[in-house]
Structures are given as structure tokens and as C-alpha cells.
Amino acid sequence: MSTTVTKTLQATFAPPTAHKQEKLNDLLDTYRDSLQEAFDAGASTMSSVSDIVTPYDLPYQAKAALCNYVPKLRKTYNAQELDDDHPVRLTNQAAKFDHSEERDYEFTWWVPRPGRGTNFWIPLRINPEQEGVWHDLVSEDAKAGEIRLQQHRKNWVLHVTVEYPVEEPATDGDITHIGLDIGETALITGCALKDGSPTDPLVRSGSRAKHLRKEMHTTLKRLQERDTSEWRTDERFDHYQNALTDIVEKASREAIEYATQFENPMLVMENLTYIRERLDYGKYMNRRLHSWAFARLQGRIEDKATEAGIPVEYVNPAYTSQTCHSCHRIGRRDSQAEFRCPHDDCHVSTFQADINASANIARRVDPWGESVPLDKAGRDDSPRDGSRSDTATTHRETSAPAQMTLTAYEESKPSTSDD
């Protein structure tokens, strides 16, 4: 029996000619101008967005993507303002790729442009670990979804969402649901449920990653203030990103090793969708999510789980931090470390907060576990000391190890009131 897997492929453009570079810059600038105008106008329907973006000199794939995307910004994501670095979004009609072993760069993309005869091919540098899926995309064995084009300093990066079938892992007997909570203080908290009770939890500290991020910020800021050469700044940035990528790989491997000790394991994680749009909420959320790629870690866990034949499910993330895993009623997370259940008839008084959250995540595979008391529907699921909950929402990008760009670092610099 097969199931459908979603993965985001990443490719970097081979250095374009000056003429192609100019066309790419024009596409990016025009797209952002049209996006800003539609957002400022409060366009909330596809037709109203279409009226605004139609006069712009954009390919139809970009206009169609804007008509679908802009109404969601306020309705779905509650965005109050736009981030300055939005990528160009294109519908899957722009997914035209070619492959030839005779070229230095075997894969190329047919870049859409407005008008007839204006499209052009651009060579792609792909991640070798994703080559098989790229072949499937060219042969149409994999179905393309949305395409996003982003400029990072000197590089152009292409993200292509694809869906393709894989054999669904078979399970015999009772399944052991294992909730994984991805966070900052605790990088991964795992908890298996046995007869509804938390069993043998896993807690992997995130202190090393937090230390590296802070050290990276301090070092790069000092280099930039000294007007250090660009190559030196890039070298130090790559050093820290390689270290963070190594943490992602080791943590994801540890999560799979933890799961394999249980009979018929199934990993359960939060459905962290469209976090990039939530970056418009403010500088703190922007910094936190750019600094630590929650989606990157989730993606590597899912990739390794697929290789190990372990099924993965995603569940509603709401209130996992403020719900008691035992009585399933709303309690309090007074600090990052402690959950408190105020109900006298519950045997839980205080509990380690991340383990409590991961137990709730595991329980939510049962659709009856998705509900939240109606009188609590307006509450914010975050610690009361002002730090945000570690169970924030984010866009799923299951891909081989990707690294944060220096542009993303520039966006994510902490304020002087950092942690």
C-alpha cells in the first residue's frame, strides 16, 4: 500500500549572465511591488487581487500565485505587515525542468517571463541527495506544487514542493504512538504512550544550538562593524551553519533510534504549516524561527523515519503546551520548564512541560484528542513568563540538510533585549 510524501527540493542557480541577472531582478522587484500594493489595498478575494496585479508585468504563474496567496495573509495568517524579503511565488504551471547528462549542470529550469518568447533556461545546482526526486520531477513521476524563488546575497535559490508516492510502512499489532516536541530549550522531547501513560521520555538539550546561535550573532556583528571583507564574514557564517546542520543530523538520528526501541512505533509531530507568513507577527518571532529551523529538523526526522520504515503523522498543534496529558483539560505553563494542572480531581499537579506537550502530541493521533474547550478558544498557547511556546507553527520542508543563508541571519539579528 502506498502513501503520498511531500518534499521540498532546493536548488541554487549557476551564476547567471548579466542579462539573465537583470531579468531575475526585475521579476523579483515587480513581484514584491504587486504583492505590497495588493496587501496595502486590503484585497481579500482572488478577484480583487487579480484587479490589482493584472497591470503588472509579471508571468501569469506569478499572478495566479498572488491571487491565491494574498487573501490568506490576513485571513489565515493574521499578518499586520509584510516582511521585506518575500520570495517570488509561482504556481506549478511554472514547473518546467529539463535534464541532460551532457551538460555541466544536468538540470535546468525554464524561467517564466511575461510575454511570448521571453522565457529562458537557467542551470541548477541541486543537492545530490535529492537527485532521484529531481529525476522523478522531470519524468512527471513526482507532481510539482508551488515554486518559490528567493535571492540570497549573490545566489538565487529555488524551492520546489513535490509530491510522490512511497510504500506505506506496514505495522503489525498495536501501534506505539511517540510524540516529538521540537523546541529551543529542549531541542527534541520525545514521549511514547503506553496505555495512555508517558513512558521512557527522551529529552535532548538545545543548549549547544542556542550557544552557537548567540556566538554566531556576536561574531558576525563584530566582523560587520569592523567592515571585514565579505569572504571572511561568509567563511565564519558557513562555519556556524555547518555546526548547526551537524546538530540537526545528530538530533534527528537520535529521535529515530529512540523510536526503534518501541514495538510498532509511529512518530507524531505537530503540523507546523506556513510559519514564514507568521514572521510578520514581529521581530522576536522572526528572529526565533530564522535562528533555529524547526522545519528543517522535522524534515530530517521524517526523512530518516521513512528510510527506517516508521510511519509519521502530523496533528493540530493548538494547546499542546497548556493541556494536561492526564485529564486533558487546560492547565498552566507558568514557565518554560513546568506545566501545572490546577484541577483537584487530577493526579497531576506539576509535570515537566515539554514531556507533557509531547505526550499530548502523541495522543492527538486519536481524532477525539483534537478538541479544545470552547471557553479557552481565545487563549494564547505560550508560557506566561513572556517567552513563546516552543510548539510554534512552521512550514514543513522535508529536505536533505539545508542551511540558513546569511541573508536570513541578517533578518534574524536579535534585539538588544535578547534572551
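A quick note: this is a predicted structure, and the numbers were derived from the prediction, not measured.

Across its full length, the protein holds 11 helices and 14 strands. Here the protein, with 419 residues, has 50% of them falling under the buried criterion. The long-range share in the protein, meaning contacts at least 24 apart out of those at least 6 apart in sequence, stands at 72%. When the accessible area of the protein is evaluated, it comes to approximately 19800 Å², of which 46% is carbon and sulfur surface.

Its location among the elements puts L124 in strand 5 (residues 120-126). Overall, the relative accessible area of 3% leaves L124 in the buried class. If we ignore the near neighbours within four places in the chain, the residues touching L124 are A11, T12, F13, F97, Y105, F107, T108, W109, W134 and L158.

Take unusual backbone geometry next. The phi dihedral of D200 falls on the positive side, at around 45°, and the residue is not glycine. If you check the backbone angles, H328 has positive phi at about 65° while not being a glycine. Within the element layout of this structure, H328 appears in the loop between strand 12 (312-315) and strand 13 (338-340).

As a further point, take the pairing of strand 10 (residues 197-205). Two elements, strand 9 (residues 186-194) and strand 10, share 7 bridges in a ladder whose sense is antiparallel. Its bridge partner lying in strand 10, L193 is registered against P198.

This brings us to the environment of I52. Its location among the elements puts I52 in helix 2 (residues 46-53). When the C-alpha atoms of I52 and E37 are compared, they prove to be 7.5 Å apart, with 15 residues separating the residues in sequence. Setting aside chain neighbours within four positions, we find I52 in contact with E37, A38, A41 and A43.

One pass over the structure, following the stated rule, counts 0 disulfides. Of the cysteine sulfurs around C341, a residue in no disulfide, the closest is that of C327, at 3.7 Å. Exposure remark for C341: the relative accessible area of 6% places this residue in the buried category.

Another aspect to go through is the sheet that holds strand 11 (residues 265-270). Pairing within the open sheet is mixed, and its 5 strands lie in the order 10-9-8-11-12. The open sheet has two edge strands with one neighbour each: strand 10 and strand 12. Averaged over all neighbouring strand pairs, the angle between strand axes comes to 25°, with direction disregarded. Here strand 8 (residues 176-182) pairs with strand 11 via 4 bridges, running parallel. Each residue of the ladder has a partner; that of G179, found in strand 11, is V268. Contacts from helix 6 (residues 230-260) reach strand 8, strand 9, strand 10 and strand 11, with the element oriented near 160° to strand 10.

Further remarks concern the packing of aromatic side chains. All chains considered together, the criterion is met by 5 aromatic pairs. Their ring planes at 75° and their centres at 5.4 Å tell us that F97 and W134 sit as a pair that is edge-to-face. Highlighted residues: F97 in strand 3 (residues 97-99) and W134 in helix 4 (residues 131-138), separated in sequence by 37 residues. Judged by relative accessible area, which is 0%, W134 ranks as buried. Considering the side-chain rings of Y258 and F262, the 5.3 Å spacing of their centres and the 80° angle between planes classify their relative orientation as edge-to-face. Note on accessibility: Y258 and F262 belong to one class, buried. Between the NZ or CZ atom of R89 and the centre of the ring of Y69, over which it lies, the distance is 4.0 Å.

Our focus in this paragraph is the confidence of the model for the protein. Summarising the model, the protein shows a mean pLDDT of 78, and 79% of its residues fall at 70 or more. For the protein, helix 7 (residues 275-278) is the element with the lowest average pLDDT, namely 39, and strand 4 (residues 107-111) is the one with the highest, namely 97. Contacts of residues 274-291 to residues separated by more than four positions or lying in other chains number 54 contacts, the stretch itself having pLDDT below 50. Note on residues 368-419: pLDDT is under 50 here. Beyond four places in sequence and across chains, it has 168 contacts.

Before going further, it helps to examine helix 4. Restricting attention to buried positions, one finds in helix 4 the residues V133, W134 and L137. Taken end-on, helix 4 shows its buried residues confined to a sector of 105°, consistent with a single buried face. One or two positions beyond helix 4, positive phi appears at E140, with a value near 70°.

Our next topic: the nonpolar core. One finds W109, L124 and V160 to be the most contacted residues of the largest nonpolar core, which totals 47 residues. Looking at this core element by element, the count peaks at 7 residues for helix 1 (residues 18-40). Among the nonpolar cores identified, the runner-up in size contains 31 residues, and A255, A259, L297 and V312 belong to it.

Looking now at the packing of helix 1 against helix 3 (residues 60-75). Taken N-terminus to C-terminus, the directions of helix 1 and helix 3 make an angle of 40°; their axes are 10 Å apart at the nearest point. When the interaxial angle is binned, helix 1 and helix 3 end up oblique. Seen along the crossing, helix 1 lies across helix 3 with a hand that is right-handed. Contact residues: helix 1 offers Y31, S34, L35, A38 and F39, while helix 3 offers A62, L66, Y69, V70, L73 and R74. In terms of residue class, the contact of helix 1 with helix 3 is made up of 9 nonpolar, 1 polar and 1 charged.

The rules behind these values
Residues numbered from 1 in each chain as written. Predicted model: local features only at pLDDT ≥ 70, side-chain atom pairs only at ≥ 80, totals over all residues. Heavy atoms only, no water. Helix = DSSP H or I, 4+ residues; strand = E, 2+ residues; numbered from the N terminus. Buried < 20%, exposed > 50% of the residue type's maximum accessible area, 1.4 Å probe, protein only. Contact = heavy atoms within 4.5 Å. Areas by Shrake-Rupley, 256 points an atom, 1.4 Å probe, with all protein chains shown as cover. Pairing = 2+ DSSP bridges. Disulfide = S-S within 2.5 Å. Axes fitted to C-alpha atoms, helices over the stretch in contact; angles between N-to-C directions. Phe/Tyr/Trp six-rings, centres within 6.5 Å; stacked < 30°, edge-to-face > 60°. Lys NZ or Arg CZ within 6 Å of the ring centre and 35° of its normal. pLDDT = per-residue confidence, 0-100. Arc of directions from axis to C-beta. Core = buried A, V, L, I, M, F, W, Y, C linked by side-chain atoms within 4.5 Å. Parallel < 35°, antiparallel > 145°, perpendicular 65-115°, else oblique. Left-handed = near helix turned anticlockwise from the far one by under 90°. Nonpolar A, V, L, I, M, F, W, Y, C, P; charged D, E, K, R; others polar.

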